Amino acid sequence: MLIPRPRRFPLTASAKTSTPESFGSGAFWFSLSLVFATFYGVQSLQLAFSGEYVVQDDARQYVFWMQRFLDAELFPKDWIAEYYQSISPPGYIALFRLMASWGLDPLLFSKWLPPILGLITTGYCFGVCLQLLPVPAAGFITTLLLNQGLWMEDDLISATPRSFLYPLLFAFLYYLLRRSWLPCMVAIVLQGLFYPQIVLLSAALLTLRLWRWSGKGPRLSKFSADYWFWGTGLAMAALVLLPFALSTSEFGPAITAAQARLQPEFNYVNGRYGRTFFFHENPLVFWFLAPRSGLLFTGLLPPLVLVGLALPWWLRRPARFPLARRVSKEICLFQQMLLASLGLFFLAHALLFKLYLPNRYMAHSLRVLLTLAAGIALTLWLDAQLRAWAKHWQTGFTGRQWLTAGLTVSLAAGLILIPLAPSITLPSQLQVKGKVPPLYEFLLRQPKDTLIASLTKEADNLPTFAQRSILLGWEYALPYHPGYYAE
């Protein structure tokens, strides 16, 4: 039985630096974090390789046309392939092209990519947490919650550009907190190359960090180094976004809000949601709950993440939560990131569809902030509980105290273990299994300029599994660019 000794608490071991290997027990907690990230990755790989014809739902849009890297004759004059190539970020294309030059099939690489990105995300998340609370166990708790949330959704697993959002965001936050100028600039460039929308959040965050909050209100920083960091960061962000701003798409500009309001694809009509449902007559749904326009829609989250909402109150009670005294002043990052995300959320609404979807500037930020806050809050609470139990161990537990401790451990174990079950995580990863292999094999034998017309949903799988062009498909019918969708 693991019983905490008086005056010594497993969670409080730390060191002065933030490198995982420097934290006494930090190497153990860091390794354990990677173990759980690997566990989820292996679960996903088992499903991805459960059959010859398996692909992630959204990967069908972004990966199918990259088979051209292995065979340039595929998808000739394919309107759908040209469109998805045009909206794919250059870094994302370059990575898949590089893998293809080494003989790795794009579809195969898309299956191996998410576990790799999961490990990178876990490593940087661990480092970010240690910058805020230098306790290795906090890093483990945070990364465990993060992985539970990420693998219950289809963002990381999709192998699309948004799969790079979390590793690049956490990398930026890590180097920002460490004030590592060069790696931070590299992170901004990579964000622009793989998921440009996140560059705007990084730029807004750099700007807000120029302000210092005191008893008299916000004041601009007096340190020239802060302005140098901000100026070069904004210059780098502008430089990486400039090609997107100056380039003109052959499919024309993005749809306007006025145009979208007239299309059923963007609306809730006759009890049915449109293909890219956005508008809703109920303002509560539109502004808070809808998946593309809502402020609070974050997708699936592990229940323990909600404990993060208690962190602001617990930080003000160091007598009850002694470890709160060790939380860094950099915890103000939470307020800055929340404010930056809110600003971009409303800006995206004001410039509707020019900055893509407003929810994308809140959903991912809220997931990151709630996870970090929950990891820190749970560490504060667990440390307080261990101190209390150590005191009771000296004086003797009462029956009620034994019951409370048992219920606490049981509840915590259940909330941690249940999200590990494949039946919880795998369904939300939206892996699609092809239903008609003989059809794919037949079409593969047809000329490469074959164009297939079908009204069935199975047509969505043909570009990926049969490597042949289709005239139309529900999966590819995104109406954000009229020049493409009009066809």
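Residues numbered from 1 in each chain as written. Predicted model: local features only at pLDDT ≥ 70, side-chain atom pairs only at ≥ 80, totals over all residues. Heavy atoms only, no water.

J.: Explain helix α5 (residues 106-132) to me, and be specific about the residues and the numbers.
T.: With 27 residues, α5 ought to run about 39 Å at 1.5 Å a step, and its terminal C-alpha atoms sit 38 Å apart, in line with that. Roughly 30 degrees is the biggest bend found in α5, and it falls at Trp-112, with proline Pro-114 one to four residues downstream. In terms of burial, α5 is largely enclosed, as 20 of its 27 residues are buried. Its side-chain oxygen placed 2.9 Å from the backbone nitrogen of Leu-107, Asp-105 serves as the N-cap of α5. (Helix = DSSP H or I, 4+ residues; strand = E, 2+ residues; numbered from the N terminus. Expected span 1.5 Å × (residues − 1). Bend = angle between axes of the 7 residues up to and from the residue. Buried < 20%, exposed > 50% of the residue type's maximum accessible area, 1.4 Å probe, protein only. Polar contact = N/O pair within 3.5 Å; in protein donor to acceptor, adjacent residues only side chain to side chain.)

J.: Talk me through the pattern of salt bridges; I want residue IDs and the actual numbers.
T.: One pass over the full model with this rule turns up 12 salt bridges. In this structure, Glu-73 engages Lys-448 in a salt bridge whose closest nitrogen and oxygen atoms are separated by 3.6 Å. Taken together, the residues Glu-73 in the loop between α2 (59-63) and α3 (79-86) and Lys-448 in the loop between α18 (437-444) and β7 (451-452) connect sequence positions 375 residues apart. Given the relative accessible area of 53%, Glu-73 is considered exposed. Note on Lys-448: relative accessible area 31%, which makes it partly exposed. For Asp-155, the salt bridge identified is with Arg-162, shortest N-O distance 2.7 Å. (Salt bridge = Lys/Arg side-chain N within 4 Å of Asp/Glu carboxyl O.)

J.: Tell me about the confidence of the model for the protein chain, and name the residues and values.
T.: Residues shown with low pLDDT carry predicted positions that ought not to be read at fine detail. Here the protein chain shows a mean pLDDT of 89. Residues at 70 or above account for 91%. This stretch, residues 1-10, has a pLDDT under 50; its non-local contacts, to residues over four places away or in other chains, come to 11 contacts. This stretch, residues 13-24, has a pLDDT under 50; its non-local contacts, to residues over four places away or in other chains, come to 27 contacts. (pLDDT = per-residue confidence, 0-100. Contact = heavy atoms within 4.5 Å.)

J.: Break down the side chain of Asp-226 for me, with residues and values.
T.: Relative to the elements of secondary structure, Asp-226 occurs in helix α10 (residues 224-246). With residues near it in sequence (within four places) discarded, Asp-226 still touches Arg-179, Leu-210, Arg-212 and Ser-221.

J.: I'd like to hear about a nonpolar patch on the surface, residue by residue, with values.
T.: Among the surface-exposed residues, Leu-284, Trp-287, Phe-288, Leu-289, Leu-296 and Phe-346 lie close enough to one another that they form a single nonpolar patch of about 580 Å² accessible area. Per-element tally for the nonpolar patch: the top contributor is helix α12 (residues 283-289), with 4 residues. Its location among the elements puts Leu-284 in helix α12. (Patch = residues over 30% accessible without salt bridge, like charges linked within 9 Å, V, L, I, M, F, W, Y side chains within 5 Å. Areas by Shrake-Rupley, 256 points an atom, 1.4 Å probe, with all protein chains shown as cover.)

J.: Before we move on, could you go through the nonpolar core and cite the residues and values that matter?
T.: Judged by nonpolar contacts, the single largest core of 126 residues is most densely connected at Phe-172, Leu-173, Phe-334, Phe-353, Ile-376 and Leu-380. Looking at this core, the element that brings in the most residues is helix α7 (residues 165-178), giving 12 residues. Excluding residues within four positions of it along the chain, Leu-380 makes contact with Leu-133, Leu-311, Leu-315, Phe-321, Leu-323, Ala-324 and Val-327. (Core = buried A, V, L, I, M, F, W, Y, C linked by side-chain atoms within 4.5 Å.)

J.: Just give me the short version of the packing of aromatic side chains, but keep the residues and values in it.
T.: Enumeration over the complete set of coordinates arrives at 43 aromatic pairs. Aromatic pair Tyr-84 and Tyr-476: ring centres 6.0 Å apart, planes at 75 degrees, arrangement edge-to-face. One end of the pair, Tyr-84, is in helix α3; the other, Tyr-476, is in the loop between β8 (469-470) and α20 (482-485), with 392 residues separating them in the sequence. Residue classification places Tyr-84 among the buried positions, given a relative accessible area of 0%. Each ring, one from Phe-279 and one from Phe-286, has its centre 6.2 Å from the other, and the planes form 10 degrees; the classification is stacked. Comparing Phe-279 with Phe-286, the two get one shared label, buried. Of note, Lys-111 hangs over the ring of Phe-49, and the distance from its end group to the ring centre comes to 5.1 Å. (Phe/Tyr/Trp six-rings, centres within 6.5 Å; stacked < 30°, edge-to-face > 60°. Lys NZ or Arg CZ within 6 Å of the ring centre and 35° of its normal.)

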